[in-house]
Amino acid sequence: MHILNPQQLQEVDVLTMQRQQIRSWDLMERAAKAALKQIIADHPAMLGEPITILCGKGNNGGDGLVMARLLLEMGQKPSVWLQHASQYSVDNQENQGLLPIGYLKTFHLHTNFEFPKQGLLIDCLFGYGLSKALTSDWQPIIEQINAFEGRVVSIDMPSGLACEGHLPAGSPIVEADCVYTFQMPKLNLVLPDYGYYAKSFKIISIDLDEAAIAESSSSSFYSDADSMATLRKPRLKYSHKGTFGHALLLGGSYGKMGAMVLASKAAIRTGCGLLTAAVPIAGVSILQCTVPEAMVLADTNEQALQDFNFPTAYSAIGIGVGMGTSVESQQGFSIFLRSLPAESKLVLDADALNCLAKHSQLLAHLPKESILSPHPKELSRLLGTWQHDYDKITKAKAFCQQYEVYLLIKGANSLLVCPDGELHFNATGNPGMATGGAGDVLTGILTSLRAQGYPAKEAALLGMYIHGLAADLAVEELGEESLIASDISNYIGKAFMRLTQGGF
Ligand SMILES: NC(=O)C1=CN([C@@H]2O[C@H](COP(=O)(O)OP(=O)(O)OC[C@H]3O[C@@H](n4cnc5c(N)ncnc54)[C@H](O)[C@@H]3O)[C@@H](O)[C@H]2O)[C@@H](O)CC1
Ligand SMILES: [K+]
């Protein structure tokens, strides 16, 4: 699914109207109906409670006016406030005329709303038309919305949050409990800097012309169920364990052998034909007992990987989980990386990334198409610090282009940065995944997919999607507090099944 900027969205709107032979008024009617239907489905109790709708002067406000009319037709009496303005968008104006005379209340920037103490507030002040941050004279209005004691839902965007671009700290922005955004998420809905303003979002399909969307020149994408289902390779009848590759995982150190257990289990659950785990001597019996499906190779060192004297002719290699950063391990890792054949398919995580950050001359030895999966702290060690998310993305793109590698930046809506500059945001996952070992599971999944012959980009996209989906399915049964990394592994199978059944 593409993520478009406001200009591209406008172009798609125009093409949609031309190709479907509808007016902009019809598109607004369609959008408002679809959003209201979903809001009512999510908040069935709202129909007995006070509903307040705040409308701006553009088409976002127009959506609010349509919703007000639809609610009136249902016998509801929403309290509807319209921004005082000298000019309104055409469809906004037309929809004002379809409400009972005298029904609308107008507000100015100094208006005191005196909202009810409960119920639902629907924010339709600004949508994708907001070009930059609101000025501080909007602060009193936005503060009243943010102090509302009921639930705040925003249409298309939390008002005050532009679709794209960095916004200065302290800008007036609505803090929405849920954003109902049309057709596709917007960039600022999936960036961590702005997560506070869009605690969750739902995509409301309004049948914009798919060809027009595909033709747009966007290089940002959202990995949804449909696009991921097409990536999955079927397992053929006459396949055997050799068909699905032999993965090698390297890592573990005394006291951190669990990371290798988690990664190994996840790799096997993801479907590689064979798995070898290479660990320090102290890890051999642990791995053999906990993951009997894996073969185990021992380093010469008891407690941490040191010699790395392992064969490298594997279908894919995942390295770094639980490895530690002892001097011996760093030296061994360095020699291992320099000696790898150029065509090796490599996944690097955790302490492998920390070693790379400490010895940046090693970056030149990364095989092309390697996948690096840092969490934000590891990323900052690799890239240096950043001012804000857009700065981070610029640095990450330059890094991926320079070394021809993929960066999978873990977090809510994990982000895959590709060597050609494409950005892919993941749709699955939940806060329960903020638990030790979840990243080790991802390394196992990624290495397993690479071993099965998935190209690096597909492996990274499918891997992060399956990882999050498995956690989402596990949370349905276990709850966010109780989710542990092993649960994610245990639900990988169900995640694959759900993917083929049509997503989540
Ligand atoms: N294809 C779609 O996604 C559709 C979108 N619709 C709605 O239309 C919205 C976009 O409508 P508009 O383009 O009219 O834009 P908005 O309604 O988001 O806001 C536009 C108004 O805000 C003003 N403005 C822009 N930046 C400002 C700033 N920094 N400070 C103060 N005022 C500022 C503009 O001058 C304009 O009057 C969408 O967000 C959505 O709600 C639907 O009605 C129809 C279909
Ligand atoms: K809004």
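Quick caveat: nothing in here was measured; it's all calculated off a predicted structure. (Residues numbered from 1 in each chain as written. Chains lettered and ligands numbered in written order. Predicted model: local features only at pLDDT ≥ 70, side-chain atom pairs only at ≥ 80, totals over all residues. Heavy atoms only, no water.)

Focus: the overall build of the chain
We apply this condition: The helix count covers DSSP runs of H or I at least four residues long, the strand count covers runs of E at least two residues long, and both are numbered beginning at the N terminus. Radius of gyration here is computed from C-alpha atoms only, and the compact-globule reference equals 2.2 Å multiplied by the residue count raised to the power 0.38. Per-residue accessibility, obtained with a 1.4 Å probe over protein chains only, is compared with the maximum for each type, and a residue is labelled buried under 20%, exposed over 50%, and partly exposed between these values. Whether two residues are in contact is decided by their heavy atoms: any pair within 4.5 Å suffices.
Summing up its helical and strand segments, the chain has 17 helices and 17 strands in all. Computed over the C-alpha atoms, the radius of gyration of the chain is 26 Å, within 12% of the 23 Å expected from 2.2 N^0.38 for a compact globule of 504 residues. Its C-alpha atoms give the chain principal-axis dimensions of roughly 85 × 50 × 45 Å. Residues counted as buried form 57% of the 504 residues belonging to the chain. Considering only contacts in the chain between residues 6 or more positions apart, those separated by 24 or more positions represent 72%.

Some details on the nonpolar core
As a rule of thumb, nonpolar side chains are buried together in soluble globular proteins. This is how the line gets drawn: What we call a nonpolar core is a set of buried Ala, Val, Leu, Ile, Met, Phe, Trp, Tyr and Cys residues that are connected through their side-chain atoms within 4.5 Å. Domain ranges listed in this record stem from an automatic or a database domain assignment.
Judged by nonpolar contacts, the single largest core of 117 residues is most densely connected at Phe333 and Leu356. Lining this core are residues from two domains, each supplying at least three of them: domain 1 (6-218) and domain 2 (229-233 + 240-500). Each residue touching Leu356, except ones within four places of it in the same chain, is listed here: Phe333, Leu337, Leu348, Leu362, Leu363, Leu366, Leu372 and Leu382. In this structure, Ala225, Leu231, Met433 and Ile488 belong to the second largest nonpolar core, which totals 41 residues.

Digging into the site of ligand 1
Threshold: Near is defined per residue: the residue qualifies when any heavy atom it owns lies within 4 Å of the molecule or strand. Between N or O atoms, a polar contact is any pair within 3.5 Å; within protein, one atom must be a potential hydrogen donor and the other a potential acceptor, and residues adjacent in sequence are included only when both atoms are from side chains. Accessible areas in this description were obtained via Shrake-Rupley with a 1.4 Å probe; residue shielding takes into account the shown protein chains only. Note on residue classes: Ala, Val, Leu, Ile, Met, Phe, Trp, Tyr, Cys and Pro are nonpolar, Asp, Glu, Lys and Arg are charged, and everything else, Gly too, is polar.
Every one of the 21 residues lining ligand 1 counts as a neighbour, but Asp13, Asn60, Asp63, Gly127 and Asp156 are closest to it. Separating an oxygen atom of ligand 1 from a backbone N or O atom of Tyr128 is a distance of 2.8 Å. Within the backbone of Gly129, an N or O atom sits 3.0 Å from an oxygen atom of ligand 1. If ligand 1 stood free it would expose 880 Å²; the protein chains cover 81% of that surface. Contributions of two or more residues to the shell around ligand 1 are made by helix H2 (24-42) and helix H3 (59-73). Take the shell around ligand 1: its biggest share by element is three residues, from H3. Here the residues of the shell around ligand 1 sort into ten nonpolar, six polar and five charged.

Some thoughts on unusual backbone geometry
As a rule of thumb, non-glycine residues mostly have phi less than zero, and peptide bonds are mostly trans rather than cis. With a phi angle near 50 degrees, Ala350 is a residue other than glycine that sits in the positive phi range. You will see that Asn413, though not glycine, has its phi angle at about 50 degrees, which is positive. By the secondary structure assignment, Asn413 is in the loop between strand S15 (406-409) and strand S16 (415-417).

Brief notes about the pairing of strand S4 (residues 120-124)
So the rule is basically this: When DSSP locates at least two bridges between a pair of strands, those strands are taken to pair. Handedness of a crossover: with both strands directed away from the viewer, a clockwise path from the first strand across the helix to the second marks it as right-handed.
Burial of S4 is extensive: five of the five residues sit out of reach of the surface. Burial along S4 is two-sided: Leu120, Ile122 and Cys124 and Leu121 and Asp123, pointing in opposite directions, are all buried. Strand direction decides the pairing type here: strand S1 (residues 51-55) and S4, joined by five bridges, are parallel. Residue pairing across strands places Ile53 opposite Ile122, the latter belonging to S4. Relative to strand S5 (residues 151-155), S4 is paired through four bridges, and the arrangement is parallel. Across the sheet, the residue bridging to Ile122 is Val153, located in S5. Taking the sense of rotation as the criterion, the β-α-β connection linking S4, helix H5 (residues 139-146) and S5 turns out right-handed.

Some thoughts on the packing of helix H11 (residues 350-358) against helix H12 (residues 376-383)
Rules: All axes here are fitted lines through C-alpha atoms, helices being fitted over the stretch that makes contact, and every angle between N-to-C directions spans 0 to 180 degrees. Any angle between 65 and 115 degrees counts as roughly perpendicular, while under 35 counts as roughly parallel, over 145 as roughly antiparallel, and the rest as oblique. Crossing handedness follows the turn of the near helix against the far one: under a right angle anticlockwise gives a left-handed crossing, and clockwise gives a right-handed one.
Put simply, H11 and H12 touch, their axes get as near as 8 Å, and they point 20 degrees apart. Viewed along their axes, H11 and H12 adopt a mutual orientation that is roughly parallel. Note that H11 runs across H12; the crossing there is left-handed. In this structure, H11 contributes Ala350, Leu353, Asn354, Leu356 and Ala357 to the contact, and H12 contributes Glu378, Arg381 and Leu382. Classifying every residue of the contact of H11 with H12 gives five nonpolar, one polar and two charged.

A word on the UniProt feature "domain: YjeF N-terminal" (unreviewed entry) in the chain
Inclusion rule: UniProt positions are given in the numbering used here, feature names are shortened, and annotations may be inferred rather than shown by experiment.
Look at the UniProt record and you will see "domain: YjeF N-terminal" (unreviewed entry) annotated at residues 9-214. End C-alpha atoms of residues 9-214 are separated by 12 Å, and the span's content is 32% helix alongside 16% strand.

Description of the coordination of the potassium ion (ligand 2)
Rules: Counted as donors are N, O and S atoms no farther than 2.8 Å from the metal, or 3.2 Å for Na, K and Ca; water is not among the atoms, and sites may therefore look incomplete. Site shape is set this way: if four donors have all angles between 85 and 135 degrees, tetrahedral; if opposite donors are over 155 degrees apart and all others between 65 and 115, square planar for four donors and octahedral for six; otherwise irregular.
On the protein side, the potassium ion (ligand 2) has Asn60 (OD1), Asp123 (O), Phe126 (O), Ile155 (O), Met157 (O) and Ser159 (OG) as donor atoms, found 2.6 to 3.0 Å from it. Angles of 70 to 171 degrees at the metal separate the six donor atoms of the potassium ion (ligand 2), which places the site in the irregular class.

Things to note about the pattern of salt bridges
The cut-off we apply is this: Here, a salt bridge means any Lys or Arg side-chain nitrogen found within 4 Å of an Asp or Glu carboxyl oxygen.
Tallying each qualifying case throughout the model produces ten salt bridges. We note a salt bridge from Glu29 to Arg69, for which the minimum N-O separation is 2.8 Å. With a gap of 40 residues between them, Glu29 in helix H2 and Arg69 in helix H3 connect regions that are remote in the sequence. The exposure classification of Glu29 matches that of Arg69, with both residues buried. One salt-bridge network, held together by shared partners, links Arg19, Asp209 and Glu215.

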